[in-house]
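Overview (structure and organization)
Residues per chain, in single letters:
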Amino acid sequence: MKAEETLALLESGKAGQLMERLYGAEVAAENQARYRSLIEKFQKTFGDKDILMFSSPGRTEISGNHTDHNHGKVLAGSINLDCVGIAAKNDSPVVHIISETFHQDITVDLNHLEPSERKAGTEDLIKGLLKGFLESGYEIGGFDALVTSNVISSAGVSSSAAFEMLLCSMINRFFNEGRMDTVAYAHIGKYAENVYWDKASGLLDQMACAVGGLITIDFVEPAVPKVEKIDFDFASQDHSLIIVQTGKGHADLSADYSSVPNEMKKVAEYFGKEVCAEITEEQVIENLQAVRKFAGDRSVMRALHFFEENRRVDAEVAALKEGRFQDFLENITASGNSSWKWLQNCYTNSNYQEQGISIALALTELFIAGKQKGACRIHGGGFAGVIMAMLPNGIVDEYVAYIEKALGEGSAYRMSIRPYGAICVNDEM
């Protein structure tokens, strides 16, 4: 479909309805204009080719804080912030991608997909994705793409995974007849990060971006995680999800992040196992004195968080399936309390006077207590960065003004759960 035809499609009633489902009624028109602008820019840059529109969302972690690395359970959702791409096959052995957001112009030769020595950056990631398709037995080919993104960087909503899944949807649609499933997308994204970035990523981010909607994942068999899409209309509950950026810590946090899985695994090691999913809470409590001596007290606390957080994920999924939204919110609050008290990832011990996460949570808890509505918790890895609040729409504006007065303008981002993962937009109309 040429640019003129695509622009006409974008103005149709079906397109308007899809934009509302993807982004919400309030910003549907704004996003239609975003697509329109990108199509026009693509045409000027690459010529009038047969194009397709693509979208891939960022993701939010609803519950399951620091459980996946010990083969636990998570509840996650795709959000209405996304990467959008206009793309066309170019019948050449070259992939040419221009990122409008990050001012990048990257060309990759399909005959030279080896990683660079530094193993970093967008070009290596693209090469890793292309190589991942080949390693998984799929086809690749040359294409041109113009990409834009409003997925917030460094906010725990997986801007890199959104980009990866966007490219996977393009390659699947152009060269693999759309036959791939989203689990294949996720494994290819994981491969690219593991091998071409030397980053020990799991599948959580990619799965949540690729599948869309609310999903629960059980990582008990990490190579083939159990993924279930939860059929729940989040918008019907008249709540919004707000991500609050509390500011980065000054210290190097790598040691703090690594300590969480390592300490959990130390508890499992006492029982001759590798991860906490292979042992039980009862075993730890029965052998508590010996486990404390072997692994240390914080390790035990973190293992107990793992077991209880897995149960909370199950409880939240059940509550959503049964329409018990208040019970769901109560478990969100319990998850946040466990992360703060048991997992202990709200600030780093190496700089205990810097507690942006704790301040944001304390202020949000005071707000929620006053309204007697809503829930909040830490979001993502922790120690510095981001919290999540889930509030009724009627008090969101008040909360945003309240928290931004304390933490700075532009620190709060209102989001919603969207029902679509990585898609070819044309195919949904």
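Structural data are supplied above this passage.
Report follows, based on the coordinates.

Parameters at a glance
For every chain, the first residue of the written sequence is number 1, and numbering continues from 1 along that sequence. For this predicted model, a pLDDT threshold of at least 70 governs which residues receive local features, and a threshold of 80 or more governs which side-chain atom pairs are given and counted, while totals over whole chains, interfaces and linings are taken from all residues. Side-chain measures here rest on the full set of heavy atoms in the structure, leaving out hydrogens and waters. The way it works is that DSSP assigns letters per residue, a run of H or I at least four long becomes a helix, a run of E at least two long becomes a strand, and they are numbered from the N terminus. Exposure classes here rest on a 1.4 Å probe applied to the protein chains alone. A residue is buried below 20% of its type maximum, exposed above 50%, and partly exposed in between. Two residues form a contact once any of their heavy atoms are found within 4.5 Å. Areas reported here follow the Shrake-Rupley algorithm with a probe of radius 1.4 Å; residue values treat only the protein chains shown as occluding. The positive count covers Lys and Arg only, the negative count covers Asp and Glu only, and His and the chain ends enter neither. Where a charge sits is defined by one atom per residue type, namely NZ (Lys), CZ (Arg), CG (Asp) or CD (Glu). Every axis in this analysis is a line fitted to C-alpha atoms, fitted for helices over the stretch in contact. Angles between the N-to-C directions lie between 0 and 180 degrees. Each angle receives one of four descriptions, namely roughly parallel if under 35 degrees, roughly antiparallel if over 145, roughly perpendicular if within 65 to 115, and oblique otherwise. Helix crossings are classified by the rotation of the near helix relative to the far one: an anticlockwise turn of less than a right angle makes the crossing left-handed, while a clockwise turn makes it right-handed. Charged residues are taken to be Asp, Glu, Lys and Arg, nonpolar residues to be Ala, Val, Leu, Ile, Met, Phe, Trp, Tyr, Cys and Pro, and polar residues to be all remaining types, Gly included. Each reported salt bridge corresponds to a side-chain nitrogen of Lys or Arg within 4 Å of a carboxyl oxygen of Asp or Glu. A pair of aromatic rings is counted whenever rings of Phe, Tyr or Trp (Trp by its six-membered ring) have centres within 6.5 Å, and the orientation is called stacked for planes under 30 degrees apart, edge-to-face for over 60 and tilted otherwise. Criterion for a charge above a ring: Lys NZ or Arg CZ within 6 Å of the ring centre, and within 35 degrees of the ring normal. The term nonpolar core refers to a set of buried residues drawn from Ala, Val, Leu, Ile, Met, Phe, Trp, Tyr and Cys, joined through side-chain atoms within 4.5 Å. Whether two strands pair depends on DSSP finding at least two bridges between them.

1. Details of the overall build of the chain
The helix and strand inventory of the chain stands at 14 helices and 12 strands. Principal-axis analysis of the C-alpha atoms places the extent of the chain at approximately 70 × 50 × 40 Å. Counting over 429 residues, the chain shows a buried share of 53%. Intrachain contacts of the chain at a sequence separation of at least 6 include 73% that bridge at least 24 residues. Summed over all atoms, the accessible surface of the chain reaches about 18100 Å², with 48% contributed by carbon and sulfur. One finds the centroid of the 40 positive side-chain charges in the chain at a distance of 2 Å from the centroid of its 60 negative side-chain charges.

2. Regarding the packing of helix 5 (residues 159–175) against helix 6 (residues 182–196)
The geometry of helix 5 relative to helix 6 is characterised by a closest axis approach of 10 Å and an angle of 125° between their N-to-C directions. Considering the angle they form, helix 5 stands oblique to helix 6. Between helix 5 and helix 6 lies a crossing whose hand is right-handed. Here Ser160, Glu164, Met165, Cys168, Ser169 and Asn172 of helix 5 come into contact with helix 6, specifically with Tyr185, Ala186, Ile188, Gly189 and Glu193. Here the residues of the contact of helix 5 with helix 6 sort into 5 nonpolar, 4 polar and 2 charged.

3. Here's the deal with the pattern of salt bridges
For the structure shown, the criterion picks out 28 salt bridges. A salt bridge links Lys199 to Glu193, with the shortest nitrogen-to-oxygen separation between them at 3.8 Å. In this structure, Arg414 and Asp397 form a salt bridge, with 3.7 Å as the shortest nitrogen-oxygen distance. Note that Arg414 is positioned in strand 11 (residues 412–415) and Asp397 in helix 14 (residues 396–407), a separation of 17 residues in sequence. Of the residues examined, Arg414 reaches a relative accessible area of 41% and is grouped as partly exposed. Judged by relative accessible area, which is 59%, Asp397 ranks as exposed. By sharing partners, the salt bridges in this structure join Glu61, Glu309, Arg312 and Arg377 into a single network.

4. Side note on the packing of aromatic side chains
For the coordinates displayed, the defined rule picks out 17 aromatic pairs. Here the aromatic rings of Phe42 and Phe46 are separated by 4.7 Å at their centres, their planes lie at 40°, and the arrangement is tilted. Of this pair, Phe42 and Phe46 both sit in helix 3 (residues 28–46), 4 residues apart, roughly one helical turn. Assigned by exposure class, Phe42 and Phe46 land together as buried. Each member of the aromatic cluster is reached from another via a ring pair, and the members are Phe54, Phe143, Phe174 and Phe175. We note Lys266 situated over the ring of Phe294; from NZ or CZ to the ring centre the distance is 4.6 Å.

5. Observations concerning the nonpolar core
Within the largest apolar cluster, 66 residues are counted, with the highest numbers of intra-cluster contacts made by Ile62, Leu130, Phe143, Met170 and Phe328. Counting residues per element, this core draws most heavily on helix 5, which supplies 11 residues. With near-sequence residues (within four places) excluded, Ile62 lies in contact with Leu75, Ala76, Gly77, Leu214, Leu241, Glu316, Phe328, Ile332, Arg377, Met388, Met390 and Ile417. Leu10, Met19, Leu22 and Leu146 belong to the second-largest nonpolar core, a separate cluster that totals 22 residues.

6. Let's talk about the pairing of strand 3 (residues 94–99)
The sheet contact formed by strand 3 and strand 4 (residues 104–109) spans 6 bridges and is antiparallel. Counted as the bridge partner of Ile97 is Ile106 from strand 4. Counting the residues in the hairpin turn of strand 3 and strand 4 gives 4 residues, including His103, whose phi is positive at 55°. With 5 bridges connecting them, strand 3 and strand 5 (residues 143–149) associate as parallel partners. Note on strand 5: the bridge partner recorded for Ile97 is Ala145.

7. A few points about the packing of helix 8 (residues 254–270) against helix 11 (residues 297–321)
For the pair helix 8 and helix 11, interaxial distance at closest approach is 8 Å and the crossing angle is 90°. Regarding the angle of helix 8 to helix 11, the classification is roughly perpendicular. Facing Ser259, Val260, Glu263, Met264 and Val267 of helix 8, the residues of helix 11 in contact are Arg298, Ser299, Val300, Arg302, Ala303, His305 and Phe306. Looking at the contact of helix 8 with helix 11 residue by residue, the class counts come to 6 nonpolar, 3 polar and 3 charged.

None of this, on its own, says anything about what the molecule does.
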